[in-house]
Number of protein chains: 2
Amino acid sequence: MKPVAPLEPSATLSYEQAGVNYELIDPLKVAAQRAAAATGAHLAAHGFKEVAASRGESAYVVDVGPFYIASIVECLGSKALVADEMHKLTGKSYYDSIAQDTIAMAINDLITVGATPLVVQAYWAAGGSEWFADAQRANALVVGWKRACDVCGVAWGGGETPALAGIVADGRIDLAASCTGLVNPKERLSVGDKLAPGDAIVLLASSGIHANGLSLARKLVERLPQGYLTPVLPGLTYGDALLAPTVLYSPVTEALYRAGITPHYCANITGHGWRKLLRHPASHTYRIHTVPEVTPVLKFIQQHARQDDREAYSTLNMGAGFALFVRSADAQRCVEVARSQGVAAWVAGQIEAGPKKLVIEPLAIEFGDDALQLR
Amino acid sequence: MKPVAPLEPSATLSYEQAGVNYELIDPLKVAAQRAAAATGAHLAAHGFKEVAASRGESAYVVDVGPFYIASIVECLGSKALVADEMHKLTGKSYYDSIAQDTIAMAINDLITVGATPLVVQAYWAAGGSEWFADAQRANALVVGWKRACDVCGVAWGGGETPALAGIVADGRIDLAASCTGLVNPKERLSVGDKLAPGDAIVLLASSGIHANGLSLARKLVERLPQGYLTPVLPGLTYGDALLAPTVLYSPVTEALYRAGITPHYCANITGHGWRKLLRHPASHTYRIHTVPEVTPVLKFIQQHARQDDREAYSTLNMGAGFALFVRSADAQRCVEVARSQGVAAWVAGQIEAGPKKLVIEPLAIEFGDDALQLR
């Protein structure tokens, strides 16, 4: 790690200053994606084929005949570091919450392609056997993991709990989840081929920062007089607000199916913030007319990191954790279905013919085609 | 990490002294497995059900009607530390080899239930964005990963490449793979229900230490005068011998299927060494009459760690990386099919009615029912 220079309190704190440099990672991602693409042909020997449009999407999809199989692996990221710090300050274990975050990272990606998540596998790699000796913490992890599986109606298949001294840092744990699901019936596939001008953009509320932007959030603590215990709202500390678990969106997508609504496309709003709305490769203009209220902890981060809206919306979810692209006739009902599952939602905009860009009208921000290079 | 006391050169080096304490990890595994088992019922809401016998097996299996879906997540473990040390000493990148190891950990587990691996997802969690700046190393990882996918005929679906400063140690990478496959036709399911006295035990050769026992192997380096450069055989250093990539066994299990042979059960011989032959919960006596020649690097480790056979066979694969339990009439043909795929194999023993134990006759070793507590 390059040492990160202490910041002037008045300076803007960007994601790169917080220690994550996508420019170093993205070339590897691209090389890996190209090599991976060349392996899709192997499926023919088994009588199957990949759904080519799922390459570069959040989950990979294979056509096995009667239905599609989708699979994914996702990690929590650095949110465990916040849980560890808050444990020191409050004595509470937050591992039940971050267990949910980890599963949400996998499930919320898997459902973007129209899949019903069926099986989750746990990947809990600790910095040494000693990590598991704290029975309270280990138990919280188990309890939170199971609860999230219950919410999503998935089977927890098993997993891997290695002790990786020397690879995972001492006293830490690297949490990840893999998930397998089915697109069934096959008409539920939502890889964007039906995405078209006129479609509505429905945004689903986030609960807070979810599990993306934590490097920035942790860096910001240095600027806060009371650190993680700085109040975001009366009675709610910054640390507790950050640790609100990520919303699990699969109950919404399953309820949409039962209501007869099949999204044309979905975007899980994670790293790169709202730029993820540009995820699909097609050239459309995405026009946002209604911006959800920003979750207090995200407003707080934006303020204290002195980010302008452009920086904030290109990094954080800013109150919207998931985007559904649906027929405009379905948009309002989509909002109602989400709300019936306890998730606030808004018809936030629509897709228009035009150059590929995202226009957030109420904030006078535009992101062009070059804002997101994931393929 | 507790500091590990320096060893007297004459003392036995056990796995626990090498820093891995299964007694701390196994209670969490058991708690997690119990919580996980309670989630299997969720599948009914989707019209599916779990294969209960796969609980506690190496891969989790769900009955989705026309076939079974199997899934798994597995990690490389600490072998990357050996690759990093050897890179310092030789300038070579070993990441193509350990990429294969990582995929082997997942695939060799998945195939135990009779599944054909279809999709692999990559989990490459680095200690910081800087890890990805070494293009030669990153490229070796991509090349080795793809080659292993090619050997196994699986599609590389995608993956996750997070930069996890503070969780993954600086300059290190935590490598894992998830794998999804199908048991198709369903008759290929091999979760042990047909396992019976009279069945033959066929062992498939390992290439060396594979990816289990590396903590011990790394600890041992302290005792070697030339460290990783100590010759195991003329012209073969200890480090290079350790880094022989794990054998990918799915070409063998696929060839067995084409030859009309369906194993009754399979065991991937990983952590806990040959005790993994006791994996299935049924009470049988597993009698070994033929012990494969021990791979030179494993013989070297046993010698220098001054382990007796009991300790060595309870920790390392000792030349046998995978066990097939087949009808005795199929045993010899099973060996031939494995050899046709370039993998040495032996009819090593048979299953007998009797108390649950493993008897390795040529070495006069027995492991009882209490030797492996995984459920």
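Residues numbered from 1 in each chain as written. Chains lettered and ligands numbered in written order. Predicted model: local features only at pLDDT ≥ 70, side-chain atom pairs only at ≥ 80, totals over all residues. Heavy atoms only, no water.

### Brief notes about the pattern of salt bridges
Residue and element names in this part refer to chain A.
Now for step 1: For the structure shown, the criterion picks out 35 salt bridges over all chains.
Now for step 2: The residue Lys 79 makes a salt bridge to Asp 101 at a minimum N-O spacing of 3.1 Å. Linking Lys 79 in helix H2 (residues 79–90) with Asp 101 in helix H3 (residues 95–110), this pair joins segments that are 22 residues apart in sequence. The same class applies to Lys 79 and to Asp 101, which are both buried.
Now for step 3: If you follow the salt bridges from partner to partner, you end up with Lys 49, Asp 63 and Lys 186 in one network. (Salt bridge = Lys/Arg side-chain N within 4 Å of Asp/Glu carboxyl O. Helix = DSSP H or I, 4+ residues; strand = E, 2+ residues; numbered from the N terminus. Buried < 20%, exposed > 50% of the residue type's maximum accessible area, 1.4 Å probe, protein only.)

### Examining the pairing of strand S4 (residues 116–126) of chain B
Residue and element names in this part refer to chain B.
Now for step 1: Extensive coverage of S4 is indicated by the burial of 11 of its 11 residues.
Now for step 2: Two elements, S4 and strand S6 (residues 173–183), share 10 bridges in a ladder whose sense is antiparallel. Paired with Gln 121 across the strands is Ser 178, a residue of S6.
Now for step 3: Pairing geometry for S4 and strand S5 (residues 155–160), over five bridges, is parallel. (Pairing = 2+ DSSP bridges.)

### Examining the interface of chain A and chain B
One frequently used descriptor of interface size is the decrease in accessible area upon assembly of the parts.
Now for step 1: Opposite the 82 residues of chain A that make contact, chain B presents 82 residues.
Now for step 2: In total, chain A and chain B occlude about 6,500 Å² of area from one another, counting both sides; carbon and sulfur atoms represent 68% of this.
Now for step 3: If you look at where chain A meets chain B, you find zero salt bridges.
Now for step 4: Counting across the interface, chain A meets chain B through 19 residue pairs in polar contact (both at pLDDT 80 or more).
Now for step 5: Every element with two or more residues in the side of chain A that touches chain B is listed here: helix H1 (22–37), strand S2 (60–63), strand S3 (68–75), H2, strand S4 (116–126), helix H4 (135–152), strand S5 (155–160) and strand S6 (173–183) of chain A.
Now for step 6: Top contributing element to the side of chain A that touches chain B by residue count: S4(A), with nine residues.
Now for step 7: Of the residues that constitute the side of chain A that touches chain B, the class distribution is 49 nonpolar, 21 polar and 12 charged. (Contact = heavy atoms within 4.5 Å. Buried area = accessible area lost by both parts, 1.4 Å probe. Polar contact = N/O pair within 3.5 Å; in protein donor to acceptor, adjacent residues only side chain to side chain. Nonpolar A, V, L, I, M, F, W, Y, C, P; charged D, E, K, R; others polar.)

### Examining the packing of aromatic side chains
Residues and elements named next belong to chain A.
Now for step 1: Considering all chains together, one arrives at 24 aromatic pairs over all chains under this definition.
Now for step 2: Pairing Tyr 286 with Phe 325 gives two aromatic rings, centres 5.8 Å apart and planes at 75°, and the pair type is edge-to-face. Taken together, the residues Tyr 286 in strand S11 (residues 285–288) and Phe 325 in strand S12 (residues 320–326) connect sequence positions 39 residues apart.
Now for step 3: Judged by its relative accessible area of 0%, Phe 325 is buried. (Phe/Tyr/Trp six-rings, centres within 6.5 Å; stacked < 30°, edge-to-face > 60°.)

### Observations regarding the relation of the copies chain A and chain B
Now for step 1: Laying chain A over chain B is done by rotating through 180° and shifting 0.0 Å along the axis; what remains is an RMSD of 0.0 Å. Such a combination of turn and shift is consistent with a two-fold rotation axis.
Now for step 2: An overlap of 100% is found between the interface residues of chain A and their copies at the interface of chain B, pointing to a shared contact surface. (Least-squares fit on C-alpha atoms with pLDDT ≥ 70 in both.)

### What about the environment of Gly208(A)?
Residues and elements named next belong to chain A.
Now for step 1: As for its placement among the helices and strands, Gly 208 is situated in the loop between strand S7 (200–205) and helix H5 (214–220).
Now for step 2: Judged by relative accessible area, which is 0%, Gly 208 ranks as buried.
Now for step 3: Through-space distance from the C-alpha of Gly 208 to that of Lys 299 is 9.7 Å; in sequence the pair is 91 residues apart.
Now for step 4: Ignoring anything within four residues of it in the chain, the contact list for Gly 208 reads Thr 295, Val 297, Leu 298 and Asn 317.

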